[in-house]
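Secondary and tertiary structure notes
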Amino acid sequence: MKKVGLFFGTFNPIHIGHLVLANHMVEFSGLDEVWFVITPQSPFKVKQSLLDNNHRYQMVFEAVQDYPKLKPSKIEFDLPQPNYTTNTLAHLDDKYGKDHQFSLIMGEDNLKNFHKWKNYETILEHYSIHVYPRISHGEIAHQFKGHPKITKVDAPIMEISSTFIRKAHKSGKNIRPMLPYSVWKYMDEMNFYR
C-alpha cells in the first residue's frame, strides 16, 4: 500500500512554505507521497481572487517537478461544487483505494475548526491526520486532543501566506524569494496578481 498524504488548498499561488511542509511530511512522517489537491472552491473561501483552476494546477506542477515524492492533483476539478473533503476522500478511495492509503495533512489552525467540517467524524474514523504547527489563536477541541488518528508533526513553522504574496506583488514588492523559481516565472509571464 502506498501511503499518500493529501495536502488540500487553493494554492493561489503555491509558495516555498507549501513545499517545505509537504517535503517535511514526506521525509519525516512515514508517507510515500504527498499530493497537492488543488481546490476549485472551498466552502470557507470567497472565490473572487482565485486564479483559474488550470493556472493554479500549472503552478503546482511547475513547483513539484524536481520532487518525485510530491504530486499535483486536480481530482477536485470534476467533482460537484463546493468541494467537501469527505466527498473527495470517498472519490479517491473508489479510484485508488486498492493500493493507496490516504491521510490528511492540515495546519493546527484547521484542526481547531475541524469540528465544523462536513462528516468530520466519518473522516476521523477512516483516515489519519498529520498536523503541522501554525501560529494561531483558539483552542483545539477536547475530542481531538490525544486522538489516536491525529499526529502532530514537528515540521517547521511557515508563516508565509498566498494572500500576503498576492497583495505584496500587486503593490510592486519583490516576492521572488517566497516562490519556487518556475512558479515566479510562470506568474510573471502570465502577469498574475498585478
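Residues numbered from 1 in each chain as written. Predicted model: local features only at pLDDT ≥ 70, side-chain atom pairs only at ≥ 80, totals over all residues. Heavy atoms only, no water.

**Digging into the pairing of strand S2 (residues 33-38)**
Summarising burial for S2: 6 of the 6 residues are buried, a large majority. Here S2 shows two buried faces, one formed by Glu33, Trp35 and Val37 and the other by Val34, Phe36 and Ile38. With 6 bridges joining them, strand S1 (residues 2-9) and S2 adopt parallel strand pairing. Bridge pairing in S2 places Phe8 opposite Val37. Once the chain exits S1 it traverses helix H1 (residues 16-28) before rejoining the sheet at S2, and the crossover so formed is right-handed. Pairing of S2 with strand S3 (residues 70-73), which is carried by 4 bridges, proceeds in the parallel orientation. Following the sheet pairing, Val34 is matched in S3 by Leu70. (Buried < 20%, exposed > 50% of the residue type's maximum accessible area, 1.4 Å probe, protein only. Helix = DSSP H or I, 4+ residues; strand = E, 2+ residues; numbered from the N terminus. Pairing = 2+ DSSP bridges. Right-handed = clockwise from strand over helix to strand, strands pointing away.)

**Notes on the pattern of salt bridges**
Enumeration according to the criterion identifies 8 salt bridges in this entry. Measuring nitrogen to oxygen at the nearest pair gives 3.2 Å for the salt bridge that ties Glu27 to Lys69. Of the two residues, Glu27 sits in helix H1 while Lys69 sits in the loop between helix H2 (53-64) and S3, which places them 42 residues apart along the sequence. By relative accessible area, Glu27 is classed as partly exposed at 41%. The salt bridge partner of Lys185 is Glu189, with a shortest N-O separation of 3.4 Å. With Lys185 and Glu189 both in helix H7 (residues 181-190), this residue pair falls 4 residues apart, about one helical turn. A relative accessible area of 39% means that Lys185 is categorised as partly exposed. Residues participating in the shared-partner salt-bridge network are Asp109, Arg134 and Glu159. (Salt bridge = Lys/Arg side-chain N within 4 Å of Asp/Glu carboxyl O.)

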